[in-house]
Amino acid sequence: MGRYIINGGKRLFGTVNVHGSKNAALPILCACIVNSGINIIHNCPKITDVYNTCRLLEKAGCSVLWEESTVVVDSSKAHFIVLDGDEVSKMRSSVIFVGAFCGRFKRARVAKPGGCKIGKRPLDIHFDSLEKLGIDVIDNGDYIDCVCSEIVGTELNLRLPSVGATENIMLAAVSATGKTVIKNAAMEPEIQALADFLKCIGADIDFCSDGIITIEGVNEFKNSEYTIIPDRIEAGTFLAACAATKGEIFLKNAAPEHMKGILTIFDDMGGKIESHKDGIHCNFMNGVIYPQKIKTGAYPAFPTDMQPQIMAVLTLSVGESIIIESVFENRFGHVPELCKMGADISCFGRKAVINGVPYLEAAEVSASDLRAGAGLIIAALSCGGTSFVYGTEYIMRGYENIEKSLSALGADIRYEN
């Protein structure tokens, strides 16, 4: 498709605006199906995954209108469709439509979803939970069929705090008869955002920080207006770019309360991190990056979606760092590409050992997934010379004009189709 051309070696300075959260926007857009009404969603990121979600909404009979970063979804004429096509094959989050469809239409048929190739992401937690809500789930090979006459509230204890499964259960349970209790639920800020949006349309949800979500099903919903929370992963990506280039930036609109696990690592690496009510200030002008031992995990632990970006920074540390990837078994696809740039990284299963080097060298590299692409851009920004980053179709799934945001901070980066 295209490539990013990056002339690196320039420190990043200035202020950058953090866009709306990809991982909050996608389930909230799916949830617009539920209320059969008007939904005004502010601060939507203009990224491929959001566009694909909107196309699926339109195929299902919704009216979708964009005005700047606001999306207006009218789901009053929504109807059942088979969820398949390019939008599903390229986007893992398309499976979240299942809960919304079962709640609204009492059935769903979805093709096996796609997305980044970062390892197995089994759907059994999703569908086992939906079955306990009274939904019959049949795997027909390429498609999964879900049918019910009634959704019945129950108590669910998830074996893993799966974000997608928690979202699917919530979207179905708001239309259930009776009470649903989700134990060991995912607690990410994006889950809280979905709960807040569902409350806006009239759902009865109690979101507790102890991993328990209680939902009392309702019969009627209402129109809504909601603002998407800032993207904590985009904010963390900009922090990583600042660290790798030894710069100083301010992340406007970033939410530090959503990023404690991320900010702690950047602080330990030697950065000066200051949280403000309107954003986050980051200073890495001291030029020293201290090695770290990091294990990814469910929120509030360090997020797997920040692992490639932090690895790119740690290639420049003054010692040995260790990263243990506990979420996905195949999320080190960026390691060979970083090594092309002179990084010293060895992988042992889900463990990566990074020996810091004084500098990286410009190279042609290719992204294997969304966050790997961000990590390669960060590495390219740090080194002198011209680098070419391919796999832009992955990067555009989760970052709105990343080249424009980084250029505003002084980076020499452009997209070439």
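A brief look at the structure comes next. (Residues numbered from 1 in each chain as written. Predicted model: local features only at pLDDT ≥ 70, side-chain atom pairs only at ≥ 80, totals over all residues. Heavy atoms only, no water.)

## Describing the overall build of the protein chain
And then number 1: The secondary structure content of the protein chain amounts to 14 helices and 24 strands.
And then number 2: At 21 Å, the protein chain has a C-alpha radius of gyration in line with the 22 Å of a compact globule built from 417 residues.
And then number 3: Counting only C-alpha atoms and orienting by the principal axes, one finds that the protein chain spans roughly 65 × 45 × 40 Å.
And then number 4: Within the span of the protein chain, comprising 417 residues, buried residues form 58% of the whole.
And then number 5: Contacts spanning at least 24 positions in sequence make up 72% of the contacts within the protein chain whose residues lie at least 6 apart.
And then number 6: Here the protein chain has roughly 15800 Å² of accessible surface; of this, 48% comes from carbon and sulfur atoms. (Helix = DSSP H or I, 4+ residues; strand = E, 2+ residues; numbered from the N terminus. Rg over C-alpha atoms; globule rule 2.2 N^0.38 Å. Buried < 20%, exposed > 50% of the residue type's maximum accessible area, 1.4 Å probe, protein only. Contact = heavy atoms within 4.5 Å. Areas by Shrake-Rupley, 256 points an atom, 1.4 Å probe, with all protein chains shown as cover.)

## Notes on the pattern of salt bridges
And then number 1: In this structure the tally under the stated criterion is 11 salt bridges.
And then number 2: Between Arg371 and Asp305 there is a salt bridge, with its nearest N and O atoms 4.0 Å apart. With Arg371 in helix α12 (residues 370-382) and Asp305 in the loop between β18 (293-295) and α10 (307-314), the pair connects residues that are 66 residues apart, well separated along the chain. For the pair shown, Arg371 and Asp305 are each scored as buried. (Salt bridge = Lys/Arg side-chain N within 4 Å of Asp/Glu carboxyl O.)

## Let's talk about the sheet that holds strand β8 (residues 136-139)
And then number 1: As summarised here, the arrangement of the four strands in space is β6-β7-β9-β8, forming an open sheet in which the pairing is mixed. Of all the strands in the sheet, the pair left with one neighbour each is β6 (82-83) and β8. (Pairing = 2+ DSSP bridges.)

## Some points on the packing of helix α1 (residues 22-31) against helix α2 (residues 48-59)
And then number 1: Where α1 meets α2, the closest approach of the two axes is 10 Å, and the angle between their N-to-C directions is 0°. Classified by the interaxial angle, the pair formed by α1 and α2 is roughly parallel. Facing α1, whose interface residues are Lys22, Ala25, Leu26, Leu29 and Cys30, α2 presents Asp49, Val50, Thr53, Cys54 and Leu57.
And then number 2: Considered class by class, the residues forming the contact of α1 with α2 number seven nonpolar, one polar and two charged. (Axes fitted to C-alpha atoms, helices over the stretch in contact; angles between N-to-C directions. Parallel < 35°, antiparallel > 145°, perpendicular 65-115°, else oblique. Nonpolar A, V, L, I, M, F, W, Y, C, P; charged D, E, K, R; others polar.)

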